[in-house]
There are 2 protein chains.
Amino acid sequence: MNSIPITATRADNPEAPTLARRSFDSIKADIISGQLAQGTKIVESDLALKYGISRGPLREAIHRLEQIKLIVRVPHAGSRVITLDIKMMQDIYSAREALEGMAARLAARLMTDNEIAALSALLDQHADTIIQTEGKAYFQREGDIDFHFRIAVASQNHWILENLHGELYQLIRMCRHQSGQFPARAHTALDQHRQIAEAIARRDEELAELLMRRHISGAWEIVKKILEDQND
Amino acid sequence: MNSIPITATRADNPEAPTLARRSFDSIKADIISGQLAQGTKIVESDLALKYGISRGPLREAIHRLEQIKLIVRVPHAGSRVITLDIKMMQDIYSAREALEGMAARLAARLMTDNEIAALSALLDQHADTIIQTEGKAYFQREGDIDFHFRIAVASQNHWILENLHGELYQLIRMCRHQSGQFPARAHTALDQHRQIAEAIARRDEELAELLMRRHISGAWEIVKKILEDQND
DNA sequence: ACTTGCATAATTGTTGACAATTAATGAATT
DNA sequence: AATTCATTAATTGTCAACAATTATGCAAGT
């Protein structure tokens, strides 16, 4: 288990200047990867010992994990790692559909021609990767996230970007990691990405939003089936 | 200024069992009402003194306020009360449009007949209130929030409800409080609410979402003009 | 006059101890 | 045997002191 004591100082990593943030990152990774199993009781003193820090900064990390819904906390009773269920994932995918649909609409309005060209190039690159890796799921995952992330950035909507990137994607990643790998529908996804990119290139906001929503709700249908099959 | 030292104990208020939560509520109210002005530097020791608690729980409160975007915090440099600008409000209204549109769609699918009847009754009540108060803005505000809140609850989507109620509405409330009161377009709003409720009653998901989005983007146009006029 | 560098002060980050609350254990009673 | 109640243990909440970092002000040099 990845329980390296966090002893690095400020200068070592300007990105994570504080113990609280470093432990936050570590714990987050452990939860998403499943090394901290769902439903695990979080005992502050234990975790503090494990990560080699005191309870103060660890507490801050826990609070931040609570905010991105990776941990549930009840006053005086402690915290547990979240347990994903179908209902929760359904809620997340619905929210994602709404937000990414809006992001695609805004991207169609705001993207520069250069950005659009870069987006198209990214998809070409994904096509190559798919051929080379022959459906090795991992790279497709990252490619998928790449695409969606770019749309969110291009929307120039800070709130949407933060919530997609900081919260929803984390939960989806966690779900993927722990429900075994999802099936490789790489070609379908790439086709849909291409259609979305083309709608954006045509500045067709309506269509870009529609296609993005269809893309995501389609993904949900597949995820849903997998989750249902697992619970039998 | 509302600087009552927080000395109450657990039994006094089961809803806010911890100093951190009580101070969170207090500070939140102070920020939204403007008693803690936008851009104010937050000094932990000062605030701790003001609220009569130590820095520990106060820090937790600050972290939570950061998460709902009422405070911005930079490591080792401290925190400030957020400063609302037009861009931020635009982002918020766009996100709200997407999420509440989805909520209306889900509500049209999931609401029971009883809930629909209750929603209709609520709107009748609002109509009465409008006549009685003759455009006194405050009650209209709360009525408006009432309606939107019910839709969010009816969507049965926990993520959407949490983000609307816990974060977006807070920022909109803050904007209203501090940009002077918004104009009373009570009758227009009520009409639109009625149309949305009717679409829900007919189980027309598509129309419910469409009308809700139009309602919110219309509201944004008005808010936008007000904010632009103020900055001249 | 402007910049540079150092010394000082102010503020945040971190820690370990203490208090309050909840959960667990087990004895006494019906 | 089951239930209640008190006792104990475990865990979270709170506090005040200490360390690390950043901001401030002043003096010296160019």
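Whatever comes next refers back to the structure up there.
Basis of the calculations
- Residues numbered from 1 in each chain as written.
- Chains lettered and ligands numbered in written order.
- Predicted model: local features only at pLDDT ≥ 70, side-chain atom pairs only at ≥ 80, totals over all residues.
- Heavy atoms only, no water.
- Near = heavy atom within 4 Å.
- Polar contact = N/O pair within 3.5 Å; in protein donor to acceptor, adjacent residues only side chain to side chain.
- Helix = DSSP H or I, 4+ residues; strand = E, 2+ residues; numbered from the N terminus.
- Nonpolar A, V, L, I, M, F, W, Y, C, P; charged D, E, K, R; others polar.
- Least-squares fit on C-alpha atoms with pLDDT ≥ 70 in both.
- Contact = heavy atoms within 4.5 Å.
- Phe/Tyr/Trp six-rings, centres within 6.5 Å; stacked < 30°, edge-to-face > 60°.
- Lys NZ or Arg CZ within 6 Å of the ring centre and 35° of its normal.
- Pairing = 2+ DSSP bridges.

Draft legend 1. Broad picture of the protein's contact with DNA strand C. Among the 19 residues in the neighbourhood of DNA strand C, the closest are listed as Thr-18, Leu-19 and Ser-54 of chain A together with Arg-55 and Arg-59 of chain B. For DNA strand C, a phosphate oxygen lies 2.8 Å from a polar atom in the side chain of Thr-18 of chain A. The side chain of Ser-54 of chain A places a nitrogen or oxygen atom 2.8 Å from a phosphate oxygen of DNA strand C. Elements supplying a minimum of two residues to the surface near DNA strand C: helix H1 (19–33) and helix H3 (55–67) of chain A together with helix H3 (55–67) of chain B. Residues of the surface near DNA strand C, tallied by class, amount to 7 nonpolar, 7 polar and 5 charged.

Draft legend 2. Region of interest: the protein's contact with DNA strand D. Residues in contact with DNA strand D amount to 18 residues; listed here are only the nearest, Arg-55 and Arg-59 of chain A together with Thr-18, Leu-19 and Ser-54 of chain B. Backbone atoms, meaning sugar plus phosphate, form 75% of the atoms of DNA strand D positioned within 4 Å of the protein. The separation between a phosphate oxygen of DNA strand D and a polar main-chain atom of Leu-19 of chain B is 2.5 Å. One of the side-chain N or O atoms of Ser-54 of chain B is found 2.9 Å from a phosphate oxygen in DNA strand D. Counting residues per element, the ones that place at least two in the surface near DNA strand D are H3 of chain A together with helix H1 (19–33) of chain B. Among the residues forming the surface near DNA strand D, the class breakdown is 7 nonpolar, 6 polar and 5 charged.

Draft legend 3. Spatial organisation of the relation of the copies chain A and chain B. Turning chain A through 180° and shifting it by 0.0 Å along the axis lays it on chain B, with an RMSD of 0.0 Å. These values place the two chain copies in the arrangement generated by a two-fold rotation axis. Within chain A, the C-alpha atom positioned nearest to the axis of rotation is that of Ala-98 of chain A, 2.6 Å from it. Interface overlap between copies: 100% of the residues of chain A at the interface are likewise at the interface in chain B, consistent with a symmetric, same-surface contact.

Draft legend 4. Structural view of the environment of Met-111 of chain B. For Met-111 of chain B, the location among the structural elements is in the loop between helix H4 (86–110) and helix H5 (113–133). Between the alpha carbons of Met-111 of chain B and Ser-155 of chain B there is a distance of 7.6 Å; along the sequence they are 44 residues apart.

Draft legend 5. The arrangement of the packing of aromatic side chains in detail. Residues and elements named next belong to chain A. Under the defined criterion, the tally for this structure stands at 2 aromatic pairs over all chains. Taking 5.3 Å as the distance between ring centres and 35° as the angle between the ring planes, the aromatic pair formed by Tyr-93 and Trp-220 counts as tilted. Taken together, the residues span a long stretch of sequence, with Tyr-93 in helix H4 (residues 86–110) and Trp-220 in helix H9 (residues 205–230) at a distance of 127 residues. Geometry around Phe-24 places Arg-64 over its ring, the cationic atom sitting 4.2 Å from the centre.

Draft legend 6. Structural detail: the sheet that holds strand S1 (residues 41–42) of chain B. Residues and elements named next belong to chain B. One open sheet accounts for 3 strands, arranged S1-S3-S2; its pairing is antiparallel. Across the chains shown, the open sheet's two edge strands, defined by having one partner strand only, are S1 and strand S2 (71–74). Bridge analysis of S1 against strand S3 (residues 78–81) gives 2 bridges, and the strand direction is antiparallel. Bridge pairing in S3 links Lys-41 to Arg-80.

In short, geometric facts, not functional conclusions.
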